[in-house]
Structure formats: structure tokens, C-alpha cells
Amino acid sequence: MAVTRNADAVAPVRSSGPLSIWVTRHVSTALGSLGRLARQPFASFMIILVIAVTLALPAAINVVVKNARSVSGSWDNAFDFSVFLKQEISVDDGAALGRLIGQRADVDKVDFISADDALAEFKKQSGFGDALSQLPGNPLPHTLVVRPGAGNTSESLTLLQEEIGNLPEIDHVQVDTEWVQRFHAILDIVRQAIGIGAGLLGVAIVVIIGNTIRLDIENRRDEIEVTKLIGASNAFVRRPFLWTGLWYGLLGGLMALALVHYGLYLLEGPVARLSGLYQSNIVVASLGLEESAAIVGLGIFLGLLGSWLTTARHMRRIEPR
Amino acid sequence: MIRIENVTKRYPGGQEALSGLDLSVDTGEMVFVTGHSGAGKSTLLRLIALIERPTAGQVIVDSQNTRRVKRRKIPAYRRQIGMVFQDHKLLYDRTVFDNVALPLIIAGVNHRDAGRRVRAALDQVSLLHKEKQRPETLSAGEQQRVGIARAIVTRPKLLIADEPTGNLDPDLSLEVMRIFRRFNEVGVTLLIASHDISLIDRLGCRRIALEDGRLQQESDPWQ
């Protein structure tokens, strides 16, 4: 009757195989822990809600940033920019330069607008036709409207604009997309801030779950003592609390998903209206499968971590007296 | 089965619960430890259950020196011993069946075997018909019998009991002792702390009397 190596198999008790014991124990412990949560539905719901909100907040902001990025990103690289040639450049030279630039790999196409065409267009659109006719000459330069290729990044775009601007024939490159780049820089900062904030919120979740489990352990102190007294190991008494933490994390993660989806659903109408105003087709990107899995997985991880740390601290201290 | 060699247990503060105690219990014996409260009965049982460790001396249980049982191995060690307590130490949020099944679940016995053995244990204490009830709906005597069923469900070779009849009236006490007697008849070694001397005398078992942590007197009706 010596203490056997296998802590589970004690003569004369005949035990089942280690794997099936492991599975059966975990299944019954998991269900037991879930049942415990269900017996206090309000308290459990509150904790799950706190976890859900804490997880949903960074997830939601992340979705908004992602959407803002994809919308502005489509503007960024497709934006045409205007290149004004020096006054002394002739129509033929200007058109040739336009064709040359149009051959670059990072340029989709170049439209050449001669000074005369530009003036005619301006007369037509501005309504100042008569006044402009009084001018002694045409004050407008020839213009190239450059449409960059779709494969450009914001860096290669800046490079393209600089290279064109440095050509001797060019007077000035007018870029209307600088605000988009600034906007992107801001989005990057927001994204960084979410990262930091999410880290802090993750710590908060670990603390919340840890504290909840600590109270649970205190409430069940007698039970833990009795169970240890009749031969339960630390691992055995710890298991239900780990499962409780896991359930909190899992349910919190799922509820966070629901919150984010509900928020996006609420945004759908306004976004459709905005999209209509801009005559564009903005579709709100939701959480992908991977992101959803990441949120739930993070919830589970944080739940387990919180309960793990707490039980590690408290289980050893509770010994039969 | 149990050998206590020159065991001293001193608590912080200098109070000595046991002082150089020597005694032994053979396999298959049923032995009572008597004495006033504070004589060291509970301490002796706590040392055997490894709830505490001696300040000096050896406690040897079933050829295992408890000094060598590491902290991590204590649960496995305790699973070899059945324990009965004065206050039953049942879990009041689960049924009688689940209470008795707990040691088997801890040991990892599969469900079907566990069910059979729990019912066998409950049958031995005549509580089979109450398996679905919660402990608080039972009388003190019945609760103690649930505690006994839980102690013997793993079929330990050694059973220790600390004042198992302390809260029971004489009739129920006798009934509990008869149950213990039956286990003894099938080979279980029992060490029972009790101060109910008249009851012990009726059972005719060996008696070890402690006083101030020392052996005061040993009496064996067979010698």
C-alpha cells in the first residue's frame, strides 16, 4: 500500500486508464463549473458583461480604424494629381512629356491638358467667359493630370511626385491627397493607442476574473479543506476554478463579439446614407473569422490566466486544520 | 500498521501536545485512544493523517515513514486512509451519494464502478434509501454514517476516527461502533479516539489512555 508514483491510482482502488480519467474528470468538472455559474445567473452575467465590454471596446475601435483605413486607402492611391508645366514649354513638348511619364510603371495614365483647352474649359465652367476674353494672353500653363498605378504605397507615391516635380520642364506638382496621408498618420496613432489601451484592459480582465475567483475560493473554503482532507491534490481542487475562469473568458469573448456586431449593425444605416451622399459604395467591413476567433481566444486566455494566478496563490494556503 | 516512536509534538508557543509517545497498532486491530480533551488524542490522529508533522520522533504507517512523505505526495498518502470526523465534514451542497462518491472521483474511478461502490458503502451503513437526499435533511447519526461510508468507500486498510460518536446519543453511538466492529471483522485496522469509556468497555477492545501527551495506561481485555 505504498504511495504509488501515479498519484491517481491508489491500491486497492482500481482506476480506469489515465486518458479516460482525464477526459471524464474534465468534462464533469467543466459542466459542474458551468452549472455553478448558472445557479447565480445575475452575478455571473454581470462579470461576463464587464469582460465583454472590456474586450469589445478595443475590438470595436479597431474595426472603426480598419474601416476608415480601407475607405481612405482607396482614395489615397487612386487620387490623380496635377502637374503644371513651365510657361515656356510648348504644346508638343508638353504632350511628349506626358506620354513619357505615362510610360512609367508606377503610373496608370497621364492626361495632357493644353493651356488653351484649360482656358476654354475654365471659361465654360466659371461663367467668366467675357471677362477672360479681355485678358491679353492665356495665364494658364499646360497641365498633366497623372493617375498613379494602383500598386503604389504612400511612400512610392511621394517618390513619384518628387521625381516628376524635379523634372526641368515642371513648374509645380499639386497634390491634393496630403490630408489623406495625415489622416493615415492619425489612424496609425489611434491604432497604437488601442494596442496600449487593450493591454491595460487585458490586465483589468485578469484582475476582475482573479478577484471573482478569489471570492469564490473563500466561499468554498470549507469544501476545499474537506476535499483536501480526504486526499484531493492541489490540482484536483484547483480544476473547477480554472474552468470557471475559462467559462468567464469564453462567455465574455462571445458576448464581446455580439456587442461589436450589434454596434456595426447600428452603424449600417448612417454609413449607407453617407455612402449615398458621396455616390460611392462604402461597405462596413465587420470582424473577420480570424479576428473573431482572436477575441474569443483572448477572452479564454485571460480568463484562464486570471484563475490560474489566483488559484496558484490561494490553493496552497488552504490546508485542513 | 501504525508505529509511533518517541513522538513529540510541540506547538508554537511551547505547548506540548504529545511528549515522547510510543505506541503501536497491529494490522487488523481495533484500538481506542482515550483521554481528556487536550490529552493529545486529536494530535495523534492528525499526525497519522499528515495534517501535522511531529516535532520529533517517527510516525510509521503501513511501513511508510511519514517523515519521508513529501508535501506533494500527501494527497496520495491520505487516500490510503479512511477518516471519520466528529463534525462529519460533509459537503452540504451535494447529495449523500455525491458525498460518498467524492473519494472515488478524487481517485479517478470510472462512473459505473463508482456508482456500484458508493451503493455498497451506503448499504453497509444502512443508508442506501437516502442516497438522493442532502446531508442537512438527515439526523446527526445518519450524517455520521454518511461520513463513515465516505471513509470506507475506497476500501482502506486503515481507518482513523476522531470522536466519531461525540455528538451522538448512546444508542446511535453504539450503532456507529457496531458498524466499525463489522469493518474490523473483515480486516480493517481501526484507531478511534473517544472519551466514551463505558461504550468502549462494552466493545472489549484494546484501550490506550493518554494524559498530557503521554501514555498513561494501556489495557487489553485479551491479556
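Residues numbered from 1 in each chain as written. Chains lettered and ligands numbered in written order. Predicted model: local features only at pLDDT ≥ 70, side-chain atom pairs only at ≥ 80, totals over all residues.

## Structural notes on the overall build of chain A
The cut-off we apply is this: Secondary structure is summarised from DSSP: a helix means a run of H or I of at least four residues, a strand means a run of E of at least two, and numbering begins at the N terminus for each. For the exposure call, what matters is how many other C-beta atoms sit within 10 Å of a residue's own: 20 or more marks it buried, 12 or fewer exposed, and in between partly exposed, using C-beta atoms placed from the backbone. A residue pair is marked as a contact if its C-beta atoms, positioned from the backbone, fall within 7 Å.
If you tally the helices and strands in chain A, you get 10 helices and four strands. The order of helices and strands in chain A, counted from the N terminus, is α-α-β-α-β-α-α-β-α-β-α-α-α-α. Counting over 321 residues, chain A shows a buried share of 26%. Of all intrachain contacts in chain A linking residues separated by at least 6 positions in sequence, the fraction that spans at least 24 positions is 83%.

## Considerations on the domain arrangement of chain A
Note: interface size is frequently given as the accessible area lost on complex formation between the parts. To be explicit about the condition: Bear in mind that the domain bounds are from an automatic or database domain assignment.
Domains assigned within chain A are domain 1 (23-74 + 182-315) and domain 2 (80-176). Relative to domain 2 of chain A, the C-alpha centre of domain 1 of chain A lies at a distance of 54 Å.

## A short note on helix H3 (residues 91-102) of chain A
All names here are of chain A. Definition in use: The span expected for a helix works out to 1.5 Å for each residue beyond the first. To obtain the arc, one takes the directions from the helix axis to the C-beta atoms.
For H3, built from 12 residues, the straight-helix expectation of 16 Å at 1.5 Å per residue is met to within 8% by its first-to-last C-alpha distance of 16 Å. Along H3, the residues that are buried comprise Gly-94, Leu-97, Gly-98 and Ile-101. Seen from one end, H3 has its buried residues packed into an arc of 105°, which puts them on one side. Turned more than 90 degrees away from the buried face of H3 sit Asp-92 and Arg-99, all of them exposed. Contacts made by the buried residues of H3 are with strand E1 (81-85), strand E2 (107-113), strand E3 (143-148) and helix H6 (154-165).

## Things to note about the sheet that holds strand E7 (residues 158-162) of chain B
Within a beta sheet, neighbouring strands are joined by backbone hydrogen bonds and run either parallel or antiparallel to one another. All names here are of chain B. To keep it simple, the criterion reads: Here, any two strands with at least 2 DSSP bridges between them count as paired. As a rule, the C-alpha atoms of each element are fitted with a line to give its axis, helices using only the stretch in contact, and angles between N-to-C directions run from 0 to 180 degrees.
The six strands are arranged E6-E7-E8-E3-E9-E10 in an open sheet whose pairing can be described as mixed. Edge positions in the open sheet fall to strand E6 (81-84) and strand E10 (214-219), since each of these has one partner strand only. Strand-to-strand twist of the sheet, defined as the mean angle between neighbouring strand axes without regard to direction, takes the value 20°. In this sheet, E10 lies alongside strand E9 (residues 206-211) in antiparallel orientation, the contact comprising five bridges. Following the sheet pairing, Ile-208 is matched in E10 by Glu-218. Across the sheet, helix H1 (residues 41-48) is in contact with strand E3 (30-34), E7, strand E8 (189-193) and E9; its angle to E7 comes to roughly 145°.

## A short note on the domain arrangement of chain B
Residue and element names in this part refer to chain B. Along its sequence, chain B is carved into domain 1 (1-80 + 157-223) and domain 2 (89-155). Put simply, the middle of domain 1 and the middle of domain 2, counted by C-alpha atoms, are 23 Å apart. With 10 residues of domain 1 at the contact, the number on the domain 2 side is 11 residues. Looking at the side of domain 1 that touches domain 2 element by element, the count peaks at five residues for helix H6 (residues 170-185).

## Looking at the nonpolar core
What tends to happen in soluble globular proteins is that the nonpolar side chains get buried as a cluster. Our working definition: Buried Ala, Val, Leu, Ile, Met, Phe, Trp, Tyr and Cys residues form a nonpolar core when they are connected through C-beta atoms within 7 Å.
If you look at the biggest cluster of nonpolar residues, it comprises 73 residues, and the most contacted ones within it are Ile-48, Val-100, Val-118, Ala-149, Leu-159, Ile-160 and Leu-190 of chain B. The leading source of residues in this core is helix H3 (residues 96-107) of chain B, at eight residues. If sequence neighbours within four positions are ignored, Leu-190 of chain B has contacts with Met-30, Val-31, Leu-159, Phe-180, Phe-183 and Asn-184 of chain B. Among the nonpolar cores identified, the runner-up in size contains 29 residues, and Ile-51, Val-63, Ile-209 and Leu-298 of chain A belong to it.

## Observations regarding helix H4 (residues 115-126) of chain A
Compared with an ideal rise of 1.5 Å per residue, which puts 12 residues at 16 Å, H4 of chain A spans 16 Å between its outermost C-alpha atoms and is within 8% of the ideal. Two residues or fewer after H4 of chain A comes Gly-127 of chain A, characterised by a positive phi angle close to 80°.

## Observations concerning the packing of helix H1 (residues 18-39) of chain A against helix H9 (residues 234-277) of chain A
Residue and element names in this part refer to chain A. The following threshold applies: When describing relative orientation, an angle under 35 degrees is termed roughly parallel and one over 145 degrees roughly antiparallel, while 65 to 115 degrees is termed roughly perpendicular and anything else oblique. Note on convention: the crossing is left-handed when the near helix lies turned anticlockwise from the far helix by less than a right angle, right-handed when the turn is clockwise. For this classification, Asp, Glu, Lys and Arg are treated as charged, while Ala, Val, Leu, Ile, Met, Phe, Trp, Tyr, Cys and Pro are nonpolar and the rest, including Gly, are polar.
At a closest axis distance of 8 Å, the pairing of H1 and H9 adopts a crossing angle of 60°. As far as their axial angle goes, H9 and H1 are oblique. Relative to H9, H1 is oriented so that their crossing is right-handed. For the pair formed by H1 and H9, the contact residues are Thr-29, Ala-30, Gly-32, Ser-33, Leu-34, Arg-36 and Leu-37 on the first element and Arg-239, Pro-240, Trp-243, Thr-244 and Trp-247 on the second. For the contact of H1 with H9, the per-class residue count stands at six nonpolar, four polar and two charged.

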